[in-house]
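# Tertiary structure, described
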Amino acid sequence: MTVIVLSGPIGAGKSSLTSILSKYLGTKPFYESVDDNPVLPLFYADPKKYAFLLQVYFLNTRFHSIKDALTQDNNILDRSIYEDALFFQMNADIGRATSEEVDTYYKLLHNMMNELERMPKKNPDLLVHINVSYDTMIKRIKKRGRPYEQLSYDSTLEDYYKRLLRYYKPWYENYDYSPKMEIDGDKLDFMANPADKQIVLDQITDKLKEMGKRPEDWEKPTDIQIEA
Ligand SMILES: Nc1ncnc2c1ncn2[C@@H]1O[C@H](COP(=O)(O)OP(=O)(O)O)[C@@H](O)[C@H]1O
Ligand SMILES: Nc1nc2c(ncn2[C@H]2C[C@H](O)[C@@H](COP(=O)(O)O)O2)c(=O)[nH]1
């Protein structure tokens, strides 16, 4: 069976593609619940005060979901623990965490990653990374409409988002927990354009077949409605 994790900047299309892919492959989606995250709005209101607390919140939920996914197998996660340090390091680099918080964070992350090493299935099978430019990211953030993510809420978010894109480049290049592939989120509108959606699905299934995974042979879980 197969565990696929999505990655990519804010608003890249991770949750949307997770939904499309889980229906197409007949595998179980795991979504990171954001809108009931009590710390996220606090962070955007006061990043220096809440960066560490938010990161511990995310790390905890991601540890739980990656363990579930690796235990249950044959599912798709819209974001994973592997990007957690990217966000915290970036916030630490811009002075939003004390050295004690950084030290505590990395000790906690190290312990959690060690625990994953003890799992029967230690890593996902495939990382699907959605690349987007700054302009596309902002367009998608506006479209999704979370108030605290908008540039109009805080003008410093422009630098924050541009920095995030700069951090993602080496993160993806250095990612080595599993095979990986990139989707061009600027070019492929898998939400409104059926031809683009099929291109994305074909790119992912071709990669899975290249890895010896044959999605057409997977028995479909009965509790998931498969789209034709
Ligand atoms: N490839 C795409 N083309 C056009 N719109 C997209 C695309 N992917 C996502 N969107 C839209 O952008 C917004 C953010 O998508 P979402 O899946 O929530 O991103 P993420 O989970 O990466 O934050 C949503 O309104 C979604 O409909
Ligand atoms: N400080 C952090 N913020 C994070 C992290 N993961 C996600 N986020 C923020 C970014 C968005 O505002 C929101 C949802 O992210 P999407 O990529 O799903 O749009 O949460 C993190 O680890 N640290």
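Residues numbered from 1 in each chain as written. Chains lettered and ligands numbered in written order. Predicted model: local features only at pLDDT ≥ 70, side-chain atom pairs only at ≥ 80, totals over all residues. Heavy atoms only, no water.

### Remarks on the pairing of strand β4 (residues 126-131)
Where we set the bar: Only protein chains enter the accessibility calculation, which uses a 1.4 Å probe; a residue whose area is less than 20% of its type maximum is buried, one above 50% is exposed, and one in between is partly exposed. Secondary structure elements are defined from DSSP: runs of H or I of at least 4 residues count as helices, runs of E of at least 2 residues count as strands, and each element is numbered from the N terminus. Two strands are counted as paired when DSSP detects at least two bridges linking them.
Counting buried residues along β4, five of its six residues qualify, which places the element largely inside the surrounding structure. As paired strands, β4 and strand β5 (residues 180-184) are joined by five bridges and run parallel to one another. Bridge pairing in β5 places Asn131 opposite Asp184.

### Here we look at the site of ligand 2
What counts here: Proximity is defined per residue: any heavy atom of the residue falling within 4 Å of a molecule or strand makes that residue near it. Here a polar contact means two N or O atoms within 3.5 Å. Within protein one must be a hydrogen donor candidate and the other an acceptor candidate, and residues neighboring in sequence count only if both atoms are side-chain atoms.
Taken together, 18 residues sit near ligand 2, with Lys14, Tyr44, Arg62, Arg79 and Glu149 positioned nearest. In this structure, Gly11 approaches ligand 2 through a main-chain N or O atom, which is 3.5 Å from an oxygen atom. Side-chain polar atom of Arg62 to a nitrogen atom of ligand 2: 2.7 Å apart, as the coordinates give it. For the shell around ligand 2, the secondary-structure elements that each account for two or more residues are α2 (40-45), α3 (47-72) and α4 (84-93). Counting residues per element, the shell around ligand 2 draws most heavily on α3, which supplies four residues.

### What to know about the confidence of the model for the protein
As a reminder, the rule being used: pLDDT expresses how confident the predictor is about each individual residue, on a scale running from 0 to 100. In what follows, a contact means two residues having at least one pair of non-hydrogen atoms within 4.5 Å.
Mean pLDDT for the protein: 93, with 94% of residues reaching 70 or above. Confidence drops under a pLDDT of 50 for residues 221-228, and excluding neighbours within four residues, the segment shows 13 contacts in the predicted structure. Taken over the whole predicted complex, pTM reads 0.94, whereas the ipTM for its chain interfaces reads 0.98.

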